[in-house]
Amino acid sequence: MKLISIISLAFIIPCLSLAVFIFLQRKTKVHYVWAVLNVVLALWGLGLYLVGASPNNERALDAWKFAHVCIMFVPPVFYHTIHTFCGLTRRIFLRVNYLQAFLFACFFIFTDLIINNANLVFGSLYYYRATPGYSFT
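Residues numbered from 1 in each chain as written. Predicted model: local features only at pLDDT ≥ 70, side-chain atom pairs only at ≥ 80, totals over all residues. Heavy atoms only, no water.

1. Details of the nonpolar core
- Counting 19 residues, the largest nonpolar core has Val 51, Trp 64, Met 72, Phe 108, Ile 115 and Ala 118 as its most contacted members.
- Where this core is concerned, the elements lending two or more residues are helix H2 (29–52), helix H3 (57–72), helix H5 (92–110), strand S1 (115–121) and strand S2 (125–130).
- No other element matches the 7 residues that H3 contributes to this core.
- Those residues in contact with Val 51, other than ones at most four positions away along the chain, are Ala 60, Ala 63, Trp 64, Leu 125 and Tyr 126.
- Of all hydrophobic cores here, the second largest spans 8 residues; its members include Ile 12, Cys 15, Val 74 and Val 77. (Core = buried A, V, L, I, M, F, W, Y, C linked by side-chain atoms within 4.5 Å. Buried < 20%, exposed > 50% of the residue type's maximum accessible area, 1.4 Å probe, protein only. Helix = DSSP H or I, 4+ residues; strand = E, 2+ residues; numbered from the N terminus. Contact = heavy atoms within 4.5 Å.)

Right under this line is the structure:
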């Protein structure tokens, strides 16, 4: 097992454990949104685990895209947690954040405009090759 897979497992387990605990003990909306944040972080960790477990560059590329899609939703969900915790009422910026994450996620999933190849580096890990479009994300 590669080091990135071990590290990602050490990240996934606490995030999922915390998410389950929060879901079971939730009393307010902020608990629910915080639990969703931990689920999104665990999914990102799963993407990194899949990168480490990839036997070829095609599967590694799919795993990198999955990891990037998951990480795209961390900032909006984190902002949503803070938004809910502080009791803010204006939701336009929150909606814009989710829309931006959704649009970039679609670019990652359905096109090769941002990431289009994965190369073997250090003889053990397939790392993605970013295109110039990556700097816009």
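2. Observations regarding the environment of Phe 108
- Looking at where Phe 108 falls in the secondary structure, it is placed in helix H5.
- The exposure class of Phe 108 is buried, given its relative accessible area of 1%.
- Spatially, the C-alpha atoms of Phe 108 and Gly 87 are 33 Å apart, while their sequence positions differ by 21 residues.

3. What to know about the packing of H3 against helix H4 (residues 74–86)
- Where H3 contacts H4, the axes come no closer than 5 Å and their chain directions differ by 25 degrees. With respect to each other, H3 and H4 are oriented roughly parallel. Of the residues in H4, those touching H3 at Cys 70, Ile 71 and Met 72 are Val 74, Pro 75 and Pro 76.
- When grouped by side-chain class, the residues that make up the contact of H3 with H4 number 6 nonpolar, no polar and no charged. (Axes fitted to C-alpha atoms, helices over the stretch in contact; angles between N-to-C directions. Parallel < 35°, antiparallel > 145°, perpendicular 65-115°, else oblique. Nonpolar A, V, L, I, M, F, W, Y, C, P; charged D, E, K, R; others polar.)

4. Observations regarding H3
- For H3, with 16 residues, the first-to-last C-alpha span of 22 Å sits near the 22 Å given by 1.5 Å per residue.
- Turning to H3, its buried residues number three or more, namely Ala 60, Leu 61, Ala 63, Trp 64, Lys 65, Ala 67, His 68, Val 69, Cys 70 and Met 72.
- Contacts made by the buried residues of H3 are with H2, H4, H5, S1 and S2.
- A distance of 3.4 Å separates the backbone nitrogen of Glu 58 from a side-chain oxygen at the start of H3, and that oxygen is part of Asn 56. (Expected span 1.5 Å × (residues − 1). Polar contact = N/O pair within 3.5 Å; in protein donor to acceptor, adjacent residues only side chain to side chain.)

5. What about the state of the cysteines?
- Taken as a whole and assessed by the stated rule, the structure comprises 0 disulfides.
- No disulfide involves Cys 70; its sulfur sits 12 Å from that of Cys 15, the nearest cysteine.
- Residue Cys 70 is classed as buried on the basis of its relative accessible area, which comes to 8%.
- Unpaired in this structure, Cys 106 has its nearest cysteine sulfur neighbour in Cys 70, at a distance of 14 Å. (Disulfide = S-S within 2.5 Å.)

6. Observations concerning the packing of aromatic side chains
- On inspection of all chains with the given rule, the structure shows 3 aromatic pairs.
- Measuring from ring centre to ring centre gives 5.5 Å for Phe 11 and Trp 44, while their planes differ by 85 degrees; the resulting arrangement is edge-to-face. Here Phe 11 is found in helix H1 (residues 3–25), whereas its partner Trp 44 is found in helix H2, with 33 residues between them in sequence. (Phe/Tyr/Trp six-rings, centres within 6.5 Å; stacked < 30°, edge-to-face > 60°.)

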